[in-house]
Amino acid sequence: MFKPTVGPIIGHTTTDHCRIFLRGDYADNLVFAGVRHRRQGDTTWSKGHFVQLNAHRDMSDVIVLNGLQADTLYEYQAGWFSLLSPTHTVETIAELPLQWPRTTYRLRTQSGAADTPRAYVVGSCRYLRITGGVPSLPGLGDRTFAGINRLVEKANPPISAILMTGDQVYLDDLNVVAPDRTYKNILFKYRTAFTQPHISKLMSSVPTYMILDDHEIEDNWPANKTSRDAVLYANAMQAYGIYQASHGPAHEHSEDGLNKSLKHYWYRLSHGDIEWFVTDSRTQRNLAADDRRILDEEQEQALLEWLINSRARVKLIVTSVLFYPDSKHNDADAWQAFPGQRLRVLETLRRHGIKNVFFVTGDIHGSMTCRLRHSQDPDFEVNTIISSPFCNSKLLPYAKAADFVFDAPIARTQSGEYHSELTSKVLGQDNFARLYITAQSVQVTFHDRDGLALQTVDIPLR
């Protein structure tokens, strides 16, 4: 067996199951991939779990490990191979005397305890330019993931998950000069981005959750869409489905395995009494003047129902673009360009008295925390955590405090006004954030690309 050509990537992981993405390679014969596992300290491996790899998924797939124990450290091995005989199936190859790759990876299942402290890493925007099939300074962006790895190795409690909130790849890295539009080039970009050594090590050991933003397609999609972009969109979303969505919770899980069909890209994630709603704020936009939407109607309804009915102590909403604060340079791409829908979310939070809600986002190439309050409702408070970028392009500026509106309301109603305020410095450098959630607070620490702490903000829970 050979080591995976991409991965393994630990995807959605619960108390009793884990999804592992891996890629083999093209061959003239049948190609299979496999994973075997054991609890750390055990000497006997499980039977192999195998899938047949196919070209329509770029010779990749997701293997699901079921029947795991909660809050337990496991070791696993992963690999792929090809066979001359066309009669083999995933059942018959389980009896073959396979020699597994020597590399051993580790994963930890989630704790089932409702009130246990948990830690997360969040970030966005990993710029990697590829010109003529050659990545430009790939180690520059991978350096941030080396910093995350150092944090993961000493984290207590262990990092429950990494949430990448958009722009994991830049298909339009040179924009109008030479954007990636062909399926072949887009796949090559994903393979290159996800096989750099430090991000590869990170994703092989910590559950990684992703959602797309515009650069997975093109800048400010779909505002800049033209009649020539139908093929681009199809290619981009096929690749996104393979490399980002395939191992996440958007795919329903049952005793028969994963449902490979996908109803939508948004999803929910639950860890005890902490819940996440990861929105798709990019592919279902409606730009019509009479019904502007950043979320489609079904997703908005699901989000509002979750906010009202969920009994989670802490609710975190991932949105790939800013919910607030508003930008002074409004490019009509963030929530401020969809004021009606944003106000419906805010009024739902306020009227139902929903507490401990956090918006988690990136996009702006700057990091900060902000608080939103209502002029006539002292009980209303919503916080946002913004972490971006993992790695910036030298062609793009970093954000600064002067770019945002803090001296005017983001929304007005007959009952009052919603005002945002900074609760941290605005960091203009490559970075990521660690969230430490306890019974008392959400502590946000921003780290530089080497993992050194830049600033910490403690947001009390109510």
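Residues numbered from 1 in each chain as written. Predicted model: local features only at pLDDT ≥ 70, side-chain atom pairs only at ≥ 80, totals over all residues. Heavy atoms only, no water.

Draft legend 1. Highlighting the domain arrangement of the chain. Along its sequence, the chain is organised into domain 1 (6-109) and domain 2 (118-460). A separation of 30 Å is found between the C-alpha centroids of domain 1 and domain 2. Counting residues at the interface gives 26 residues for domain 1, matched by 28 residues for domain 2. Note on domain 1 versus domain 2: buried area summed over both sides is about 2,100 Å², and carbon and sulfur give 57% of it. Sorting the residues of domain 1 by area buried against domain 2 places Ile-9, His-12 and Arg-19 first, and these three jointly supply 25% of that buried surface. Inspection of the region where domain 1 meets domain 2 yields 1 salt bridge. Going through the elements one at a time, β1 (6-13), β2 (18-23), β5 (60-65) and β7 (105-108) are the ones with two or more residues in the side of domain 1 that touches domain 2. Its residues assigned to classes, the side of domain 1 that touches domain 2 shows 11 nonpolar, 8 polar and 7 charged. (Domains from an automatic or database assignment. Contact = heavy atoms within 4.5 Å. Buried area = accessible area lost by both parts, 1.4 Å probe. Salt bridge = Lys/Arg side-chain N within 4 Å of Asp/Glu carboxyl O. Helix = DSSP H or I, 4+ residues; strand = E, 2+ residues; numbered from the N terminus. Nonpolar A, V, L, I, M, F, W, Y, C, P; charged D, E, K, R; others polar.)

Draft legend 2. Structural view of the sheet that holds strand β20 (residues 368-374). Taken in spatial order, the 8 strands of this open sheet run β15-β16-β17-β19-β21-β20-β24-β23, and their pairing is mixed. Edge positions in the sheet fall to β15 (267-271) and β23 (411-413), since each has one partner strand and no second. Each strand of the sheet is rotated relative to its neighbour by a mean of 20 degrees, with strand direction disregarded. Bridging between β15 and strand β16 (residues 274-278) involves 5 bridges; their strand directions are antiparallel. From the neighbouring strand, Ser-270 faces β16, where its bridge partner is Glu-275. (Pairing = 2+ DSSP bridges. Axes fitted to C-alpha atoms, helices over the stretch in contact; angles between N-to-C directions.)

Draft legend 3. Geometry of the pairing of strand β17 (residues 314-318). Counting buried positions over the 5 residues of β17 gives 5, a clear majority of the element. Here β17 shows two buried faces, one formed by Val-314, Leu-316 and Val-318 and the other by Lys-315 and Ile-317. As defined by bridge partners, β16 adjoins β17 across 5 bridges and the pair is classed as parallel. What sits directly across from Val-278, in β17, is Val-318. Following the backbone out of β16, through helix α5 (residues 297-309) and into the adjacent parallel β17, one traces a crossover that is right-handed. (Buried < 20%, exposed > 50% of the residue type's maximum accessible area, 1.4 Å probe, protein only. Right-handed = clockwise from strand over helix to strand, strands pointing away.)

Draft legend 4. Representation of unusual backbone geometry. Residue Pro-8 is reached from Gly-7 by a cis peptide bond, and omega for that bond is 5 degrees. If you trace the backbone, Pro-8 turns up in strand β1. Its identity is not glycine, yet His-365 carries a phi of approximately 60 degrees, on the positive side. Within the secondary structure layout, His-365 lies in the loop between β19 (357-361) and β20.

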